[in-house]
Amino acid sequence: MSLKTRRIFKRLTFNTRFSLWSLVILSIACLSCTATILWFFNHALPSDYMQYAEALEEEHFNAIINSKRNCQSPNLPLETKFIHDHRPVPMPADFCSKAGGSAENWLRVSESRVYLKPKFSGSSCTAEPVVWVDDQSSEFGSARPLRSGDELPSLGFRASFARPHQPPQLRLLRSEASDVVCSRQSRGSPTDSSELGNVIMLGLDSLSRLESLRSLPRASRIMQDRLGAITLQQYNIMGDGTPAALLPILTGVREADMPESRKGFAGARFLDDSLRWIFQDLRDRGFVTLYGEEQSAYGTFQLRFHGFRREPTDFYLRPALLQQERLQTNAICIGDEIASARMLSTVKDLFTLYPDRPKFAFTFFSSLSHENQDLSPMDAELVKFLDWFEAANLSSNTSIILMSDHGQRHGPLRNSMQGKLEESLPLMSIALSRQLMSRKKDAAEMLRTNANRLTTPVDIHRTLLNLSGLRDSTTLAAGGASLTSYSLIDEAVPETRSCSDAGIPTHWCSCLRLKKIQEPSSNELAVRAARFAVNQMNSATEPFRHLCHELQLGNVTEADVSLASEDLARRERHVSWRYVAYNAENSALLAAGYLTLRLVTEPNGGLFEASVQFGLQRSRFGNPLLLLSSTSEASRINRYGSQAHCVTEVAPHLRKFCLCRTGVSDSPS
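Residues numbered from 1 in each chain as written. Predicted model: local features only at pLDDT ≥ 70, side-chain atom pairs only at ≥ 80, totals over all residues. Heavy atoms only, no water.

**As for the overall build of the chain**
- The helix and strand inventory of the chain stands at 21 helices and 24 strands.
- The 669 residues of the chain split such that 52% are buried.
- Across the chain, the fraction of contacts at a sequence separation of at least 24, relative to all contacts at a separation of at least 6, is 75%. (Helix = DSSP H or I, 4+ residues; strand = E, 2+ residues; numbered from the N terminus. Buried < 20%, exposed > 50% of the residue type's maximum accessible area, 1.4 Å probe, protein only. Contact = heavy atoms within 4.5 Å.)

Right under this line is the structure:
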């Protein structure tokens with residue numbers, strides 16, 4: 001220190017001198033800390049990853065970053081030896097008659113009238129109407145006499161037979177619904193009915209586009225060859241499970257953007273109090289609406305959500321189905337017939353009863369497809385329905401859609417890369433009515449063009465509004481963000497549309513270019529990302545640690561890496577301490593992308609798939625910094641059985657992560 005400097009320093013107060021020394025010491029400490037962190041990140045990254053990054057830059061980085069990054073649909077094979085060897089066991093045609101035993105169905109319903117089979121026609125019967133209590137329960141009303149040919153007293157009813165050993169039967173469709181429909185429609189009537197078109201949506205759980213060709217070959221051929229259906233090749237899911245698929249279709253809002261409606265969360269509301277449903281728009285224009293879903297005990301909008309405060313449609317099948325499924329001999333059969341046939345018959349009755357009113361029917365089937373069962377019985381029922389649809393000349397004024405929520409989520413195929421991509425690419429096949437194609441000359445050609453573009457459930461919402469003849473808005477705002485959607489019969493989806501443009505989380509984006517990491521269990525990047533993912537699971541269950549075990553990483557079985565596109569990198573900019581703020585103009589960014597991991601956790605034996613965002617950035621000192629962040633909740637791809645029984649009621653959204661501390665009997669498979 002020079003003499004001049006010492007004199008200046010002596011003139012300073014003690015506090016000022018202390019502050020200066022503290023600042024010097026702190027600066028030295030920070031430099032040391034920075035050097036330590038940089039050394040840690042530099043040495044924590046395994047050499048094989050650094051070599052892999054260099055190889056990726058040489059072979060693929062420039063081509064990917066500098067291209068237009070059009071979303072190219074994965075070129076997946078329809079059949080492979082692996083797929084062939086893991087087909088479900090064929091179900092015999094007489095399965096239900098054998099499974100039902102003596103439970104013969106002794107009545108049938110047609111056009112809202114009940115008919116007893118001839119050998120029972122002289123017997124005494126009673127009918128108890130199903131009464132809606134709330135969206136979680138229903139009950140039976142007072143019994144009344146029932147004779148063959150009588151009109152039905154309600155949408156659903158339980159028929160009891162006086163002869164011994166004949167089980168009660170529950171049937172659908174309301175006889176006096178016209179009064180209810182008319183009273184509801186007093187708010188709005190079809191003022192320009194020539195522009196309104198009927199729509200039938202037939203949804204199946206867990207069916208990818210390719211799986212529909214394997215499992216529903218006859219129905220698929222009828223849709224394409226006889227009804228002229230156009231199947232979307234790049235229809236991509238927007239989240240995990242059925243709600244993430246059906247909510248955008250029926251409301252135009254992603255599950256991630258919807259107001260809080262989940263059980264166990266503060267301020268949660270009923271779904272019809274927080275969202276505008278397409279059923280409401282259609283009913284206000286004079287439509288008769290129907291909605292039904294199999295396996296109602298696990299309802300899409302009731303298992304994790306509070307459901308509806310009011311019945312959302314004119315014909316709401318849930319109250320009757322809750323009772324019907326309690327009487328079924330198994331999840332697949334109602335007496336001696338396939339359960340799915342009952343709901344298809346209800347749609348037929350709706351169209352027969354109201355020939356002059358515009359109609360919208362949405363049905364969702366899961367009794368066979370959810371458990372990866374053989375779908376040949378469902379294929380047969382769909383063939384019968386489509387034959388009826390064609391014979392009744394409904395294609396003249398009715399558009400029909402055969403669709404699914406997502407591909408298979410469990411089973412041998414799901415554990416492969418093809419299975420992951422198929423889960424993200426469900427079936428969406430649309431046959432336009434002749435009336436619509438006459439009114440919109442370019443509708444079919446526009447739909448055919450968009451069939452090879454990246455599309456989403458939000459696009460289907462807008463398309464449904466236009467199929468029905470209703471107006472819509474071009475931009476749906478939710479959660480403070482603007483999400484552009486397209487009517488697939490009116491507008492061309494941009495060829496350059498990316499997953500980030502469409503609002504598809506990276507975890508579900510089928511457009512990503514993947515590169516497999518060899519020996520992921522010994523690759524430190526993959527292991528660090530997997531540990532990060534497990535920590536996220538434990539953070540979710542932390543409030544219930546008294547109920548759920550803490551999980552540990554067991555092994556990393558697969559790891560794939562993909563580079564992020566420029567637009568995705570910009571959109572994924574974050575400001576919290578866990579995230580790196582980077583974009584395409586960040587010259588220090590060496591690589592940015594996503595790791596898709598398959599990992600095993602202990603002690604629950606859970607098999608998970610998780611996506612982790614990573615950034616590899618060059619610091620001012622020339623050292624690489626690795627930053628990790630989660631992109632979405634991990635998916636469990638093996639069954640958890642009763643492992644999570646302790647949170648089923650209090651936190652059902654945590655079932656896939658929770659291993660209860662007591663009372664576990666089922667092991668994962």
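From this point, the discussion proceeds with the structure in view.
**Digging into the packing of helix α8 (residues 217-226) against helix α14 (residues 376-391)**
- Contact geometry for α8 and α14: axes closest at 7 Å, N-to-C directions at 25 degrees. The orientation of α8 with respect to α14, classified from their angle, is roughly parallel. For the pair formed by α8 and α14, the contact residues are P217, R218, A219, I222, M223 and R226 on the first element and D379, A380, L382, V383, L386, D387 and E390 on the second. (Axes fitted to C-alpha atoms, helices over the stretch in contact; angles between N-to-C directions. Parallel < 35°, antiparallel > 145°, perpendicular 65-115°, else oblique.)

**Digging into the state of the cysteines**
- Evaluation of the coordinates by the stated rule reveals 4 disulfides.
- Here C96 pairs with C333 through a disulfide, and the sulfurs are 2.0 Å apart. As the torsion about the S-S bond is roughly -85 degrees, the C96-C333 disulfide counts as left-handed. Taken together, the residues C96 in helix α5 (residues 95-100) and C333 in strand β12 (residues 333-334) connect sequence positions 237 residues apart. (Disulfide = S-S within 2.5 Å.)

**Side note on unusual backbone geometry**
- Note that the residue after E602, namely P603, is joined by a cis bond; omega there is 10 degrees.
- One can find P603 in the loop between β21 (589-602) and β22 (606-618).
- The backbone of N393 sits at a positive phi, close to 60 degrees, despite the residue not being glycine.
- Counting through the fold element by element, N393 comes out in the loop between α14 and β15 (398-404).

**Focus: the nonpolar core**
- Counting residues in hydrophobic clusters, the biggest one holds 46 residues, and the most contacted among them are I249 and L464.
- Elements with a contribution of two residues or more to this core: β8 (198-204), α9 (241-251), α11 (278-284), β14 (359-365), β15, β16 (428-431), α17 (443-450) and α18 (457-467).
- Formed by 42 residues, the second largest nonpolar core is a distinct cluster that contains M343, M378, F389 and I400. (Core = buried A, V, L, I, M, F, W, Y, C linked by side-chain atoms within 4.5 Å.)

**What about the layout of surface pockets?**
- Its boundaries defined by the atoms lining it, the second largest pocket holds a volume of some 510 Å³.
- Counting residues per element, the lining of the second largest pocket draws most heavily on helix α13 (residues 339-353), which supplies 7 residues.
- Split into classes, the residues belonging to the lining of the second largest pocket amount to 13 nonpolar, 4 polar and 10 charged.
- Both domains that meet at the lining of the second largest pocket, namely domain 1 (103-175) and domain 2 (193-508), each give it at least three residues. (1 Å grid on protein atoms, 1.4 Å probe; cavity = no way out; pocket = protein on both sides within 12 Å on 5 of 7 lines; lining within 4 Å. Points joined across faces, edges and corners; volume = space filled by probe spheres on them. Nonpolar A, V, L, I, M, F, W, Y, C, P; charged D, E, K, R; others polar. Domains from an automatic or database assignment.)

**Notes on the side chain of E294**
- Inspection of the secondary structure assignment puts E294 in the loop between β10 (288-293) and β11 (315-316).
- Buried within the structure, E294 lacks any salt-bridge partner; R342 is the closest side chain of opposite charge, at an N-O distance of 9.6 Å.
- Within the local environment of E294, its side chain forms a polar contact with the side chain of S367, the two groups lying 2.9 Å apart.
- Not counting the four nearest positions on each side in its chain, E294 is found in contact with E325, A339, S340, M343, F364, F365, S366 and S367. (Lys, Arg positive; Asp, Glu negative; His and termini not counted. Salt bridge = Lys/Arg side-chain N within 4 Å of Asp/Glu carboxyl O. Polar contact = N/O pair within 3.5 Å; in protein donor to acceptor, adjacent residues only side chain to side chain.)

**Some details on the environment of M428**
- Note that M428 resides in strand β16.
- M428 sits in the buried class, given a relative accessible area of 0%.
- For the pair M428 and D405, spaced 23 residues apart in sequence, the C-alpha separation works out to 8.9 Å.

**With respect to the pattern of salt bridges**
- A full pass over the atoms with the stated rule returns 32 salt bridges.
- Between E423 and R409 there is a salt bridge, with the nearest N and O atoms lying 4.0 Å from each other. With E423 in helix α15 (residues 417-424) and R409 in the loop between β15 and α15, the pair connects residues that are 14 residues apart, well separated along the chain.
- Relative accessible area serves as the criterion here: at 3%, E423 is assigned to the buried category.
- Classification of R409 as partly exposed rests on a relative accessible area of 26%.
- The partner of D459 in a salt bridge is R497, with the nearest N and O atoms 2.7 Å apart. With D459 in helix α18 and R497 in the loop between β18 (481-484) and α19 (499-502), this residue pair connects regions lying 38 residues apart in the sequence.
- A relative accessible area of 0% places D459 in the buried class.
- One network of salt bridges, in which partners are shared, links K516, E558, D560, R598 and E609.

**Re helix α20 (residues 524-541)**
- With 18 residues, α20 should reach 26 Å at 1.5 Å per residue; the first-to-last C-alpha distance of 26 Å fits that figure.
- When α20 is considered as a whole, its buried residues turn out to be L525, A526, V527, A529, A530, F532, A533, V534, M537, N538 and T541.
- The opening residue of α20 is N523, an N-cap whose side-chain oxygen sits 3.0 Å from the backbone nitrogen of L525. (Expected span 1.5 Å × (residues − 1).)

**So, the pairing of β10**
- Within β10, 6 of the 6 residues are buried, leaving the element largely enclosed by the surrounding structure.
- Burial of β10 is two-sided: the residues V288, L290 and G292 facing one way and the residues T289, Y291 and E293 facing the other way are all buried.
- In the sheet, β10 pairs with β14 via 6 bridges, with the strands oriented parallel. If you follow V288 over to β14, its bridge partner there is K359.
- Summarising the sheet, β10 and β11 pair through 2 bridges and their orientation is parallel. Residue L290 lies in a different strand from β11, and its bridge partner there is F315. (Pairing = 2+ DSSP bridges.)

**Details of the confidence of the model for the chain**
- For the chain, the average pLDDT comes to 78, and 71% of its residues sit at 70 or higher.
- Throughout residues 28-69 the model reports pLDDT below 50, and contacts reaching past four residues in sequence, or to other chains, amount to 43 contacts.
- A low-confidence stretch, residues 564-585 stays under pLDDT 50, and its non-local contacts, those more than four residues away or across chains, total 43 contacts. (pLDDT = per-residue confidence, 0-100.)

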